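# Topology and contacts: notes
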Amino acid sequence: MNKITILTFFLFFLFMQKVDAQIMATTSAGKKVVLNLDGTWKYANADDAESTCQKNKTGNLTIKNNTSNDIYFYYSATGNVSNTKIKAGASKTISNLKSTTSYGSKLSYDWLVSYELYSINTASRVMYLEGFERGEIGIESCETQEIDIEE
């Protein structure tokens, strides 16, 4: 009887070690993770390990206005022009810009800086706008590109 008790205790101990080796948990974003006793963790679903910017193939662009005037930053990759106002001496980040087309080819953004705010009808293409600085930039997935605007 004593051997059976010891064997039962030993098997129970081994079973508990196996059960306690991993703990399931849920992140604040609703993703399931597996926590290990050694302090490491991994996503329960391997697809969750890929970040949002990797899945959506997006990146960011930070514009630093090093001038003494407010500026308007115009940008376009697909013909539709967007703009944002940046105060003198300030920086602004445009988040989640597409880095590739739906076919996987790299997107290139035309950009222009002006002191004037153009109407949407006038700003049909960046190349037709008047400004004091212009260029082209490619966005890298999950990275932040920077443009410094000088007077």
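Below is a short write-up of the structure. (Residues numbered from 1 in each chain as written. Predicted model: local features only at pLDDT ≥ 70, side-chain atom pairs only at ≥ 80, totals over all residues. Heavy atoms only, no water.)

## Thoughts on the sheet that holds strand β3 (residues 41-43)
Strand order across the open sheet formed by three strands is β1-β2-β3, with antiparallel pairing between neighbours. For this open sheet the edge positions go to β1 (22-26) and β3, each flanked by a neighbour on one side alone. Each adjacent strand pair in this sheet contributes to an overall mean axis angle of 25 degrees, direction not counted. As paired strands, strand β2 (residues 32-36) and β3 are joined by three bridges and run antiparallel to one another. Its bridge partner lying in β3, L35 is registered against W41. (Pairing = 2+ DSSP bridges. Helix = DSSP H or I, 4+ residues; strand = E, 2+ residues; numbered from the N terminus. Axes fitted to C-alpha atoms, helices over the stretch in contact; angles between N-to-C directions.)

## Brief notes about the nonpolar core
Membership of the largest hydrophobic core comes to 16 residues, with the highest contact counts inside it found for L61, F73 and W111. Within the residue set of this core, elements represented by two or more residues are β4 (58-65), β5 (71-76), β7 (91-98), β8 (108-114) and β10 (144-149). Not counting the four nearest positions on each side in its chain, L61 is found in contact with F73, K92, T93, I94, L97, I137, I139, Q145, E146 and I147. Residues Y72, Y74, Y118 and L129 belong to the second largest nonpolar core, which totals seven residues. (Core = buried A, V, L, I, M, F, W, Y, C linked by side-chain atoms within 4.5 Å. Buried < 20%, exposed > 50% of the residue type's maximum accessible area, 1.4 Å probe, protein only. Contact = heavy atoms within 4.5 Å.)

## A closer look at the state of the cysteines
What the rule picks out here adds up to one disulfide. A sulfur-sulfur separation of 1.9 Å characterises the disulfide bridge that pairs C53 with C142. One disulfide, between C53 and C142, carries an S-S torsion of 110 degrees and so falls in the right-handed class. Of this pair, C53 sits in helix α2 (residues 52-56) while C142 sits in the loop between β9 (133-138) and β10, and the two are 89 residues apart along the sequence. (Disulfide = S-S within 2.5 Å.)

## Focus on the sheet that holds β5
Across the sheet, four strands lie side by side as β6-β5-β8-β9; this open sheet has antiparallel pairing. Looking along the sheet, the strands with just one partner apiece sit at the ends: β6 (82-86) and β9. Going across the sheet, the axis of each strand differs from the next one's by a mean of 20 degrees, ignoring polarity. Where β8 lies against β9, six bridges are found, and the strand directions are antiparallel. Pairing of S108 across the sheet is with G138, part of β9.

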